[in-house]
Amino acid sequence: MEYIFQACKFLVNRLSKQPGFTTVEYWLVNHPKIHSFAWKQGQTPGSSPVFLTLTVIAYLSVTFLLTRPSFGISCSPRFLRNLTAIHNMILLSLSFTMAVGCTLSILLLLPNVDHLVCFPKKTPPSGPLFFWAYIFYLSKIYEYMDTLLIILSNSVRRLTFLHVYHHATVVVMCYLSLHTSQSMFPGVLVTNAVVHVIMYFYYLLCTLGIRPSWKKLVTDCQIVQFYSSFAIMGWIFYYHFTGSGCSGILGWYFDAVFIASLLVLFLDFHSKNYSKKKAKGN
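Treat the numbers as computed from the prediction; the structure is a model and nothing was measured.

Notes on empty space enclosed by the protein
If you walk through the whole model with that rule in mind, you get one cavity of 30 Å³ or more. By volume, the largest cavity amounts to about 170 Å³. Forming the boundary of the largest cavity are 17 residues, of which H166, V170, N192, Q225 and F226 lie nearest the centre. Within the residue set of the lining of the largest cavity, elements represented by two or more residues are helix 7 (128-142), helix 9 (161-179), helix 10 (185-207), helix 11 (215-242) and helix 12 (249-281). Counted by class, the lining of the largest cavity contains ten nonpolar, six polar and one charged residues.

Quick look at the structure:
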């Protein structure tokens with residue numbers, strides 16, 4: 001793994017000499033706002049426990065109210081289609097930018113893979129890596145819009161427990177990653193952002209009237225992501241308990257329970273939606 005990491009660093013360092021790449025590096029890593037970023041609880045917008053609590057409660061409350069039959073809301077199909085397309089393009093672009101920005105930050109700023117896996121204890125949540133973790137946190141709040149679009153499309157049956165539970169709890173996970181300076185979270189961010197590039201590209205095509213045949217790939221990628229998260233956790237725990245300790249280990253305890261629950265729910269969703277279709281096809 002170290003060999004692959006150093007090979008990637010070498011490639012990025014060679015590319016950094018190219019004028020076009022220098023511009024990308026500046027805007028995604030070295031811009032003063034990114035380079036000097038620091039998460040300060042109660043000062044950084046959205047950093048207080050009260051904000052987190054009210055945000056999650058508001059999401060759950062509004063979702064519950066809007067799904068009541070007596071509260072039925074609707075909008076024109078054309079407006080909804082355009083709104084959904086714009087939403088998908090925003091998240092597709094944002095996910096791609098986060099994946100690239102965080103990957104460059106990892107390869108340009110971290111000396112070796114050990115520093116990625118295990119931040120030293122008391123690592124401050126500052127600099128480009130935590131800037132992208134912050135953007136990732138805010139993007140998960142924006143993703144609440146997914147739920148509103150489902151409700152507006154009168155497809156409440158698609159509003160599963162998995163959907164609401166995932167959207168509500170992942171915001172808490174991202175908050176804890178910043179609050180605890182969580183080790184290896186940049187790696188999780190890149191993996192999740194890449195999966196979301198695939199997912200929102202698929203959704204965008206569907207909105208434009210194109211129905212790709214690889215819908216199952218979206219769910220498969222999400223399941224693979226969860227399995228890889230367990231491998232990452234095992235890696236971190238090994239470093240933590242065999243060395244001097246890693247930053248943010250308490251956040252990883254929360255993640256372990258959350259990711260395990262998501263994996264169970266996604267496997268159940270996969271079984272119900274694709275095993276039955278395969279059986280019908282036979």
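Remarks on unusual backbone geometry
The phi torsion at S181 lies on the positive side, around 50°, for a residue other than glycine. By secondary structure assignment, the location of S181 is in the loop between helix 9 and helix 10. A relative accessible area of 3% means that S181 is categorised as buried. Here the phi dihedral of M184 falls at roughly 65°; this positive angle occurs in a residue that is not glycine. By relative accessible area, M184 is classed as buried at 6%.

Side note on the state of the cysteines
Under the definition given, this model contains one disulfide. Distance from the sulfur of C206, which forms no disulfide, to the nearest cysteine sulfur (C221) is 15 Å.

Here's the deal with the packing of aromatic side chains
The relative placement of two aromatic rings is captured by the distance of their centres and the angle of their planes. For the coordinates displayed, the defined rule picks out 24 aromatic pairs. Centre to centre, the rings of F37 and F131 are 5.9 Å apart; their planes meet at 75°, and the pair counts as edge-to-face. One end of the pair, F37, is in the loop between helix 3 (32-35) and helix 4 (49-66); the other, F131, is in helix 7, with 94 residues separating them in the sequence. Across the pair, F131 and F37 agree in class, each one buried. With 6.2 Å between their ring centres and 15° between their planes, F201 and W214 make a pair best called stacked. Pair noted here: F201 is in helix 10 and W214 is in the loop between helix 10 and helix 11, with a separation of 13 residues, a long-range link. Using a relative accessible area of 38% as the deciding quantity, one classes F201 as partly exposed. Given the relative accessible area of 26%, W214 is considered partly exposed. Ring pairing ties together the aromatic residues F37, W39, F131, W132, Y134, Y137 and Y175, which thus form one cluster.

Analysis parameters
- Residues numbered from 1 in each chain as written.
- Predicted model: local features only at pLDDT ≥ 70, side-chain atom pairs only at ≥ 80, totals over all residues.
- Heavy atoms only, no water.
- 1 Å grid on protein atoms, 1.4 Å probe; cavity = no way out; pocket = protein on both sides within 12 Å on 5 of 7 lines; lining within 4 Å.
- Points joined across faces, edges and corners; volume = space filled by probe spheres on them.
- Helix = DSSP H or I, 4+ residues; strand = E, 2+ residues; numbered from the N terminus.
- Nonpolar A, V, L, I, M, F, W, Y, C, P; charged D, E, K, R; others polar.
- Buried < 20%, exposed > 50% of the residue type's maximum accessible area, 1.4 Å probe, protein only.
- Disulfide = S-S within 2.5 Å.
- Phe/Tyr/Trp six-rings, centres within 6.5 Å; stacked < 30°, edge-to-face > 60°.

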